[in-house]
Amino acid sequence: MEELGDRSSPPITRADCEALDAADPLGALRERFDLPAGVIYLDGNSLGPLPRGVAERMRHATEAEWGRGLIGSWDAAGWIDLPARCGTKLGPLLGVPARDVFVGDSTSVNLFKIAWAARQLVPHRPTMLTDTSNFPTDSYVLSAVADASGANVETVPGPGSTAHAPVVERLARSDVGVVALSQVDYRSGHRYDLGAVTEAAHAHGAVVVWDLAHSVGAMAVDLVANDVDFAVGCGYKFLNGGPGAPGFAYVAARHQAGLRQPLQGWMGHREPFDFAADYEPAPGAARLGVGTPAVLSMVALDAALDAFDGVEPAALRAKSERLTQLFVELVSVGPAGAECAVIGPSTAAGRGSHVALRHADAVAVMSALIEAGVIGDVRGDVCRFGFAPLYTRFVDVWDAAELLGDLIYSGRYRAERFHRPRRVP
Ligand SMILES: *Cc1c(COP(=O)(O)O)cnc(C)c1O
């Protein structure tokens with residue numbers, strides 16, 4: 001790559017990054033993905049790339065199972081077991097037994113069911129607590145749950161330099177029944193201390209609902225070890241389940257008996273094919289089922305989760321921390337640092353698996369970067385870069401920082417073609 005005269009030299013060379021990749025215990029996992037050549041993909045926190053084997057599985061599910069097996073495939077091809085099978089693969093990533101995980105529906109729908117169910121556990125504590133920087137769908141859903149269950153939503157400032165202090169301080173008043181937060185802030189990348197917040201909530205008599213959309217698949221979450229009550233999450237981000245993949249929900253075993261959910265449908269019934277007149281919930285988290293699973297999407301997710309086969313979540317986190325920290329350091333000392341401010345935590349420990357850079361012309365910067373072969377995304381005035389430890393190499397981080405520095409130093413992003421509006425940023 002061309003060196004520009006007056007830039008300060010980066011603290012680590014590309015050759016150093018090649019050496020890090022050669023020694024990376026997760027390095028071989030990149031082969032489990034069908035990544036397009038010439039692209040550095042740093043948007044796996046928004047849409048994971050295609051794992052190898054998924055396309056074949058989907059072709060088989062379409063042509064053989066649906067095409068020839070027809071309705072018999074519900075049984076013969078195990079379509080009816082797909083949610084449970086995905087749950088079995090997700091369990092280790094969440095640190096939970098498979099029977100405590102429901103797979104299906106979207107994160108938004110699951111959050112509605114779970115937050116409503118959580119409310120039933122604390123009827124005399126009418127405040128649902130979240131933060132100002134939660135993902136919009138979470139805030140919208142929580143408002144709807146509050147309306148439907150006679151509660152109110154209160155927001156505290158999002159995780160900033162004060163970490164989780166605002167949430168914990170607010171818990172001291174005894175009206176908070178449900179604390180619903182995203183573990184990793186979708187914009188800034190701030191990461192709550194899941195264990196500490198859960199413990200504080202319990203100490204004050206509240207239950208917690210964690211949204212793991214930006215954490216599962218990039219780090220160990222350990223829901224049982226941290227005594228988490230409820231969680232929801234997304235199948236198409238770091239889990240790579242494909243566009244619109246089913247999400248999931250977790251219910252701690254201690255809350256399952258008697259748990260009610262607001263969308264009780266036949267697929268959450270104990271025996272759906274008894275066609276009984278009355279609703280009787282399935283045991284475990286399976287009662288979160290509503291309607292017929294999206295089989296083709298579920299096939300993709302099931303096959304995609306095989307990319308995590310044999311992978312220790314703790315190893316994912318260790319690599320993710322090194323990747324994000326490397327990017328922050330390279331950007332800070334390089335020419336991009338002149339115009340981009342790293343927002344969010346300054347340490348890898350306080351961060352999820354993405355890095356957010358504020359730039360006054362963020363959309364143009366990202367458009368120019370995508371043209372140069374580095375794919376990230378934009379949220380408001382922030383460029384987001386996701387570093388998925390399963391397939392991102394240290395050289396990718398180095399090259400991305402270099403290309404970003406080049407286009408900022410040269411001002412190339414100011415060209416008119418980078419300022420056209422897009423429907424999905
Ligand atoms: C991505 C994301 C969602 C997505 O919800 P869908 O129902 O799948 O559209 C929800 N919450 C958070 C925090 C997310 O990051």
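Here the structure is shown first, and the text comes after it.
Heads up: these notes are all about the structure in this document. (Residues numbered from 1 in each chain as written. Predicted model: local features only at pLDDT ≥ 70, side-chain atom pairs only at ≥ 80, totals over all residues. Heavy atoms only, no water.)

**Comments concerning the packing of helix H4 (residues 82-94) against helix H9 (residues 295-304)**
Then step 1. Running from amino to carboxyl end, H4 crosses H9 at an angle of 25 degrees, the nearest separation of the two axes being 10 Å. In terms of their interaxial angle, H4 and H9 are classed as roughly parallel. Here H4 and H9 pass one another in a crossing that is left-handed. Across the interface between the two elements, Leu-82, Pro-83, Arg-85, Cys-86 and Lys-89 from H4 touch Val-295, Met-298, Val-299, Leu-301 and Asp-302 from H9. (Axes fitted to C-alpha atoms, helices over the stretch in contact; angles between N-to-C directions. Helix = DSSP H or I, 4+ residues; strand = E, 2+ residues; numbered from the N terminus. Parallel < 35°, antiparallel > 145°, perpendicular 65-115°, else oblique. Left-handed = near helix turned anticlockwise from the far one by under 90°. Contact = heavy atoms within 4.5 Å.)

**Some points on the environment of Asn-152**
Then step 1. The residue Asn-152 is located in strand S4 (residues 152-156) in this model.
Then step 2. Take Asn-152: its relative accessible area is 33%, and that puts it in the partly exposed class.
Then step 3. Residues Asn-152 and Thr-127 lie 25 residues apart in sequence; the distance between their C-alpha atoms is 5.1 Å.
Then step 4. Setting aside residues up to four positions removed in sequence, Asn-152 forms contacts with Pro-126, Thr-127, Met-128 and Ala-146. (Buried < 20%, exposed > 50% of the residue type's maximum accessible area, 1.4 Å probe, protein only.)

**Observations regarding unusual backbone geometry**
Then step 1. Despite not being glycine, Leu-70 has its phi angle at roughly 45 degrees, a positive value.
Then step 2. In the Ramachandran plot, Phe-275 falls in the positive-phi region, its phi being about 50 degrees despite a non-glycine side chain.
Then step 3. Residue position: Phe-275 is located in the loop between strand S8 (248-251) and H9.

**Some words on the side chain of Arg-119**
Then step 1. Looking at where Arg-119 falls in the secondary structure, it is placed in helix H5 (residues 107-121).
Then step 2. In this structure, Arg-119 is in contact with Arg-125, Pro-126, Met-128, Val-145, Ser-149, Gly-150, Ala-151 and Val-178, ignoring residues within four places of it in sequence.

**As for the sheet that holds strand S7 (residues 230-233)**
Then step 1. The mixed open sheet is built from seven strands, whose spatial order is S2-S8-S7-S6-S5-S3-S4. Lying at the two open borders of the sheet, with one neighbouring strand each, are strand S2 (101-103) and S4. The average undirected angle you get between the axes of adjacent strands in this sheet is 20 degrees.
Then step 2. Sheet topology note: the strand S5 (residues 176-182)/strand S6 (residues 207-211) ladder contains five bridges and is parallel. (Pairing = 2+ DSSP bridges.)

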